[in-house]
Amino acid sequence: MKPKEIKLIIDSKLEDVALVGREVNKLCSAAGCPLLEASDVELCVVEAVTNSIEHAYKLKAGHKVEVAFAIYSDELIVGVCDTGEPMDPKLLEEKGPSSFLFDPDNLESIPEGGRGLAIIKEIMDSVNYTSKEGKNCFTMKKKLGA
Amino acid sequence: MEIVQEQVNGVDVLRLEGRLDASSSKEIKDRISDLAKNKRVNLVVDMAGINFIDSSGLGSLVASLRSANKLGGDIRIASLQDQVRAIFELTRLHRIFEIFDDSLTAAKSF
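Residues numbered from 1 in each chain as written. Chains lettered and ligands numbered in written order. Predicted model: local features only at pLDDT ≥ 70, side-chain atom pairs only at ≥ 80, totals over all residues. Heavy atoms only, no water.

Enquirer: I tried to follow the overall build of chain A on my own but got confused; where do I start?
Expert: When helices and strands are counted, chain A shows 4 helices and 5 strands. Listed N to C, the secondary structure of chain A is β-α-α-β-β-α-α-β-β in terms of helices and strands. In terms of overall size, chain A behaves like a compact globule, its C-alpha atoms giving a radius of gyration of 15 Å where 146 residues would be expected to give roughly 15 Å. Considering only C-alpha atoms, chain A reaches an extent of 50 × 35 × 25 Å along its principal axes. Pairs at least 24 residues apart make up 64% of the contacts formed inside chain A by residues separated by at least 6 positions. For chain A, the exposed area adds up to about 7,500 Å²; of that, 52% sits on carbon and sulfur atoms. Averaging the positions of the 18 positive and the 25 negative side-chain charges in chain A gives two centres separated by 7 Å. (Helix = DSSP H or I, 4+ residues; strand = E, 2+ residues; numbered from the N terminus. Rg over C-alpha atoms; globule rule 2.2 N^0.38 Å. Contact = heavy atoms within 4.5 Å. Areas by Shrake-Rupley, 256 points an atom, 1.4 Å probe, with all protein chains shown as cover. Lys, Arg positive; Asp, Glu negative; His and termini not counted. Charge placed at Lys NZ, Arg CZ, Asp CG, Glu CD.)

Enquirer: I would appreciate a short explanation of the nonpolar core in the present structure.
Expert: Most often, soluble globular proteins keep nonpolar side chains buried together rather than apart. Among the nonpolar cores identified, the biggest contains 71 residues, and Met140 of chain A together with Met47, Phe88 and Phe97 of chain B are the most heavily contacted of them. By residue number, the principal contributor to this core is helix α2 (residues 35–56) of chain A, which donates 9 residues. Discounting chain neighbours no more than four positions away, the residues touching Met47 of chain B are Leu16, Leu20, Ile53, Leu61, Ile77, Ala78, Ser79, Leu80, Val84 and Phe88 of chain B. Counting residues in each nonpolar core, the second largest holds 8 residues, with Val8, Val13, Ala78 and Ala106 of chain B among its members. (Core = buried A, V, L, I, M, F, W, Y, C linked by side-chain atoms within 4.5 Å. Buried < 20%, exposed > 50% of the residue type's maximum accessible area, 1.4 Å probe, protein only.)

Enquirer: Sorry if this is basic, but what is going on with helix α1 (residues 25–37) of chain B here?
Expert: Count 3.6 residues to each turn of an α-helix, and residues three or four apart come out pointing the same way. Residue and element names in this part refer to chain B. Between its first and last C-alpha, α1 extends 19 Å over 13 residues, near the 18 Å set by a 1.5 Å rise per residue. What α1 keeps buried is the set Ser25, Ile28, Ile32, Leu35 and Ala36. Along the axis of α1, the buried residues cluster in a sector spanning 105°; they form a single face. Seen from the buried face of α1, the exposed residues on the opposite side, beyond 90 degrees, are Lys26 and Lys37. The secondary structure elements touched by the buried residues of α1 are β1 (2–8), β2 (11–20), β3 (42–53), α2 (55–70) and β4 (74–78). Taken from the residues just after α1, Lys39 is the one with a positive phi, measuring 60°. (Expected span 1.5 Å × (residues − 1). Arc of directions from axis to C-beta.)

Enquirer: Looking at this structure, how should I read the side chain of Asp16 of chain A?
Expert: All names here are of chain A. Relative to the helices and strands, Asp16 is located in the loop between β1 (4–11) and α1 (17–30). Although Asp16 lies buried, it forms no salt bridge, and the closest oppositely charged side chain, Lys13, sits 4.0 Å away as judged by the N-O distance. Aside from chain neighbours lying at most four places away, what touches Asp16 is Ile10 and Asp11. (Salt bridge = Lys/Arg side-chain N within 4 Å of Asp/Glu carboxyl O.)

Enquirer: What's the story with the interface of chain A and chain B in this structure? I'm lost.
Expert: Interface size is often expressed as the accessible area that is lost when the parts come together. Each partner contributes to the interface: chain A provides 27 residues, whereas chain B provides 25 residues. When the buried area of chain A at its contact with chain B is split by residue, Phe102, Leu107 and Glu112 of chain A rank highest and sum to 25% of it. Across the contact surface, chain A and chain B share 2 salt bridges. In this structure, the salt-bridge partner of Arg19 of chain B is Glu42 of chain A, at a minimum N-O distance of 2.8 Å. Along the contact surface separating chain A from chain B lie 4 residue pairs in polar contact (both at pLDDT 80 or more). Looking at the side of chain A that touches chain B, the elements with two or more residues in it are α1, α2 and α4 (116–123) of chain A. No other element matches the 9 residues that α2 of chain A contributes to the side of chain A that touches chain B. (Buried area = accessible area lost by both parts, 1.4 Å probe. Polar contact = N/O pair within 3.5 Å; in protein donor to acceptor, adjacent residues only side chain to side chain.)

Enquirer: Explain the state of the cysteines to me, please; I cannot follow it from the model alone.
Expert: Residues and elements named next belong to chain A. For the coordinates displayed, the defined rule picks out 1 disulfide over all chains. Between Cys81 and Cys137 runs a disulfide, and the two sulfur atoms are separated by 2.1 Å. Where Cys81 bonds to Cys137 through sulfur, the torsion about that S-S bond is close to 115°, and the disulfide is right-handed. Here Cys137 lies in strand β5 (residues 135–143) and Cys81 lies in strand β3 (residues 75–82), a separation of 56 residues in the sequence. Here Cys28 is not cross-linked by a disulfide; its sulfur's nearest cysteine counterpart is in Cys33, at 4.1 Å. Taking relative accessible area as the criterion, Cys33 reaches 9% and is therefore assigned buried. (Disulfide = S-S within 2.5 Å.)

Right under this line is the structure:
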């Protein structure tokens, strides 16, 4: 089956991230994803785009973030690309389920941030980050109906 | 995101509407911080109108809970939509927030 593909480009502004998120959610739903699965995919895309804006572009508007979305009968693939400062790939290796471990009786030990990549890794089946010739791409894959 | 503030059973309730994400997370943090300055640290955050939360939104609630807790207060959560509840559970933050089905029950729990 040919995939359904769409590419969305937004300016690097946090207030525009929802535009991409909502669209991805709609595309997933139209392809038959259950509500919670479509919401999960939306969340991962929002986290990845927000990372590009906050970390690659340091919250400066006027840069592009590209989201390429492809949905097959059994899998979806989303790529989020920017041309900002590359992410340290070690960060992606370090984040995982242990990022959600904390002592609930010691609120001060619970970090405010640092959950985004861990959430993506929990929800998606695979993630990959590349940085080549000034373009950084974060690719996420998820089996559908699993 | 919209924030409507009201009193229920003598407790401040913040009703949120929209998306709690990186572009709106500071609003809720600032609102709770302003209340804390007036020693109003027992709060209910009613999220019936929130259909999306991301890690920044969760982070703002964690930071607010820590601030309230330091001043002897608490932040209780009410009315989570299924997809939002799922994110609280995925990140295990349901272990630090008391979560109620509605804001009246949450307000009465203080």
